[in-house]
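Fold and geometry: a report
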Amino acid sequence: MESVFKLDSRKTTVNREIVGGITTFLAMSYILAVNPGILSAAGLSWGGVFTATALSSCVATLVMAFAANLPVALAPGLGLNAFFTYTVVLGMKCSPSFALTAVFLEGALFIILSLFGIREAIIKSIPVNLRKAVAVGIGLFITLIGLSNAGIIDGDAATPLAFVNLNMEHASAIVALIGLVITIALYTLKVPGSILVGIIITTIIGIPFGVTKIPEGFHPLSAPEKPLLFSFEWKSVLTIKFFIVFFTFLFTDLFDTIGTLLGVAEQANLKDKEGNVVNAKGALMADAVGTVFGACLGTSTVTSFVESSSGVAAGARTGLASVVTALLFLVSLFLSPLFALIPSAATAPALIFVGFLMMRSVMGIDFKDISEGIPSFITIMAMPFAYSISKGISFGIISYVLCKIFARKGKDIPLVTWVLAAIFLFDVIFEAMK
């Protein structure tokens with residue numbers, strides 16, 4: 001264990017890594033139900049997508065464990081799967097095979113870019129203050145996810161977002177808030193694995209509230225269904241429509257992954273002397289391999305999951321936690337009914353609490369320098385309100401270049417950052433012209 005994962009140098013133990021890996025899995029296990037639900041609307045088999053989701057998540061997370069030694073788990077990304085179904089298949093009237101081909105080629109290109117260090121260079125080009133802002137923005141983003149998943153917040157005609165009334169019509173919100181109090185108490189009392197214990201206790205509390213639902217004739221075991229294998233459509237590769245779909249997948253996945261790696265590395269202090277993510281090249285290779293493998297099995301783009309930060313909060317610091325998470329994805333192939341019992345109200349407290357833990361990075365941002373502080377604020381603000389990590393980075397980089405120009409500090413802007421700002425600005429204009 002020590003020779004492979006360097007537990008001592010990262011000041012962790014096998015037990016902490018196991019607890020962290022389990023916590024990450026439980027926090028993101030919802031994807032096993034959500035991804036098949038979304039992709040089945042595109043005409044794919046629910047059971048086949050479930051199998052593809054579990055297997056691609058397992059493989060990609062194992063690559064992360066051994067190639068990067070980071071406690072970051074991967075799975076088919078939310079947003080990317082929605083784009084796959086509702087925009088490409090249902091909106092543009094393309095076949096699922098058309099979309100899977102775009103996903104496959106995107107992953108293949110990412111493998112090439114990762115091998116040559118191009119994606120790693122992009123990460124290093126992001127200014128230090130913006131990296132810290134990314135962590136804070138992700139913290140607010142996953143807090144918003146937790147609040148939304150549990151039904152604690154809702155919108156109406158008067159306010160875009162508001163807390164719901166805590167009555168039995170909103171039992172999920174009540175259970176989630178009880179779970180949050182329990183998680184805070186356990187963490188404050190320094191109970192080992194407090195976030196994981198909080199998820200388990202909240203799941204049990206949800207039973208009398210009707211939030212945790214145990215179906216009649218419940219049986220924890222089920223056989224996995226065969227996934228859709230190598231369903232590609234090569235005849236459309238050279239069309240304009242394919243080009244648009246391909247680059248949308250490419251662009252969104254690239255910066256979602258970069259944002260997640262920056263956020264988790266900041267939270268876990270997994271950075272080198274220059275402040276860069278350790279083993280970034282291997283980490284970026286993991287999502288590229290996972291995307292190619294997932295496309296071959298019939299699922300959308302695989303990317304790093306921000307819920308990995310919950311495992312970090314539980315103590316995970318190495319790839320051993322990722323091994324645990326990956327094995328649980330493998331086990332889930334046969335225990336899908338059991339994992340399906342865990343409601344969003346039980347994982348929401350973990351996400352909300354991790355938002356607090358990631359907020360601490362705000363103390364390292366230099367707000368006194370306006371040319372650094374304003375872009376950092378925009379990055380933090382954009383992620384939860386745009387409901388997108390990639391858009392937060394996009395607006396942050398554009399505003400960074402503008403603020404440096406206004407402050408007559410253009411010489412402080414690295415060349416790659418200039419290039420990124422131009423690409424992001426072009427993307428904003430392109431979206432406006434659709």
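Description of the structure in this document. (Residues numbered from 1 in each chain as written. Predicted model: local features only at pLDDT ≥ 70, side-chain atom pairs only at ≥ 80, totals over all residues. Heavy atoms only, no water.)

Quick notes on the overall build of the protein
Along its length, the protein carries 19 helices and four strands. Taking 434 residues into account, the globule formula puts the C-alpha radius of gyration at 22 Å, and the protein, at 21 Å, falls close to it. Per-residue burial over the protein gives 57% buried out of 434 residues. By element, 70% of the accessible surface of the protein is carried by carbon and sulfur atoms, the whole surface being about 18200 Å². Between the centroid of the 26 positive side chains of the protein and the centroid of its 24 negative side chains there is a distance of 6 Å. (Helix = DSSP H or I, 4+ residues; strand = E, 2+ residues; numbered from the N terminus. Rg over C-alpha atoms; globule rule 2.2 N^0.38 Å. Buried < 20%, exposed > 50% of the residue type's maximum accessible area, 1.4 Å probe, protein only. Areas by Shrake-Rupley, 256 points an atom, 1.4 Å probe, with all protein chains shown as cover. Lys, Arg positive; Asp, Glu negative; His and termini not counted. Charge placed at Lys NZ, Arg CZ, Asp CG, Glu CD.)

Considerations on the nonpolar core
Across soluble globular proteins, you tend to see nonpolar side chains buried next to one another. Ranked by size, the top nonpolar core spans 120 residues in total, and within it Met 64, Leu 70, Phe 84, Phe 255 and Ile 393 carry the most contacts. Sequence-distant contacts of Phe 255, defined by excluding residues within four places in its chain, comprise Ile 122, Ile 389, Ser 390, Ile 393, Leu 420 and Phe 424. (Core = buried A, V, L, I, M, F, W, Y, C linked by side-chain atoms within 4.5 Å. Contact = heavy atoms within 4.5 Å.)

Points about helix H10 (residues 194-209)
Its 16 residues give H10 an end-to-end C-alpha distance of 23 Å, which sits within 8% of 22 Å, the value for a rise of 1.5 Å per residue. Buried within H10 are the following residues: Ser 194, Ile 195, Leu 196, Gly 198, Ile 199, Thr 202, Thr 203 and Gly 206. If you follow the buried residues of H10, they end up packed against helix H2 (14-28), helix H9 (171-188), helix H13 (308-313) and helix H16 (344-359). (Expected span 1.5 Å × (residues − 1).)

Topic: unusual backbone geometry
With a phi close to 60°, Asn 269 is a non-glycine residue in the positive phi region. Tracing the sequence through the fold places Asn 269 in the loop between helix H11 (240-268) and helix H12 (280-297). Using a relative accessible area of 57% as the deciding quantity, one classes Asn 269 as exposed. Residues other than glycine seldom take positive phi values, yet Asn 279 does so here, at roughly 55°. Among the secondary structure elements, Asn 279 is positioned in the loop between H11 and H12.

Quick word on the state of the cysteines
Summed over the entire model, instances satisfying the criterion amount to zero disulfides. Here Cys 94 is not disulfide-linked; the sulfur of Cys 296 is the nearest cysteine sulfur, at 20 Å. Free cysteine: Cys 296, not disulfide-bonded; nearest cysteine sulfur from Cys 58 at 16 Å. (Disulfide = S-S within 2.5 Å.)

Focus on the packing of helix H7 (residues 118-125) against helix H19 (residues 415-432)
Between H7 and H19, the shortest axis-to-axis distance is 9 Å and the interhelical angle comes to 95°. With respect to H19, the element H7 is oriented roughly perpendicular. On H19, the residues touching Ala 121, Ile 122 and Ser 125 of H7 are Val 416, Thr 417 and Leu 420. Partitioned by chemical class, the residues of the contact of H7 with H19 number four nonpolar, two polar and no charged. (Axes fitted to C-alpha atoms, helices over the stretch in contact; angles between N-to-C directions. Parallel < 35°, antiparallel > 145°, perpendicular 65-115°, else oblique. Nonpolar A, V, L, I, M, F, W, Y, C, P; charged D, E, K, R; others polar.)

Looking at the pattern of salt bridges
Scanning all chains against the criterion turns up four salt bridges. Residues Glu 266 and Lys 271 are paired through a salt bridge, measuring 3.2 Å at the closest nitrogen-oxygen approach. With a relative accessible area of 14%, Glu 266 lands in the buried category. Lys 271 gets classed as partly exposed once you look at its relative accessible area, which sits at 26%. (Salt bridge = Lys/Arg side-chain N within 4 Å of Asp/Glu carboxyl O.)

Details of the packing of helix H17 (residues 370-386) against helix H18 (residues 389-406)
Following both chains from N to C, one finds H17 and H18 inclined at 160°, their axes separated by 8 Å at the closest point. As the angle between them shows, H17 and H18 are arranged roughly antiparallel. In this structure, the crossing between H17 and H18 has a hand that is right-handed. Each of Ser 371, Glu 372, Ile 374, Pro 375, Ile 378, Thr 379, Ala 382, Met 383 and Ala 386 in H17 lies in contact with H18, whose residues at this interface are Ile 389, Lys 391, Gly 392, Ile 393, Phe 395, Gly 396, Ser 399, Tyr 400, Cys 403 and Lys 404. Tallied by class, the residues present in the contact of H17 with H18 amount to eleven nonpolar, five polar and three charged. (Left-handed = near helix turned anticlockwise from the far one by under 90°.)

Comments concerning the side chain of Ser 361
Within the fold, Ser 361 resides in the loop between H16 and H17. Setting aside chain neighbours within four positions, we find Ser 361 in contact with Lys 132, Ala 135, Val 136 and Glu 266.

Re the packing of aromatic side chains
Evaluated as defined, the whole model comprises eleven aromatic pairs. Between the aromatic rings of Phe 353 and Phe 356, the centroid separation amounts to 5.7 Å while the plane-to-plane angle is 50°, which identifies the pairing as tilted. Of the two residues, Phe 353 and Phe 356 are both situated in helix H16; the distance of three residues between them amounts to about one turn of the helix. Overall, the relative accessible area of 7% leaves Phe 353 in the buried class. An aromatic cluster is defined as three or more aromatic residues linked by ring pairs; in this entry it consists of Phe 98, Phe 242 and Phe 246. (Phe/Tyr/Trp six-rings, centres within 6.5 Å; stacked < 30°, edge-to-face > 60°.)

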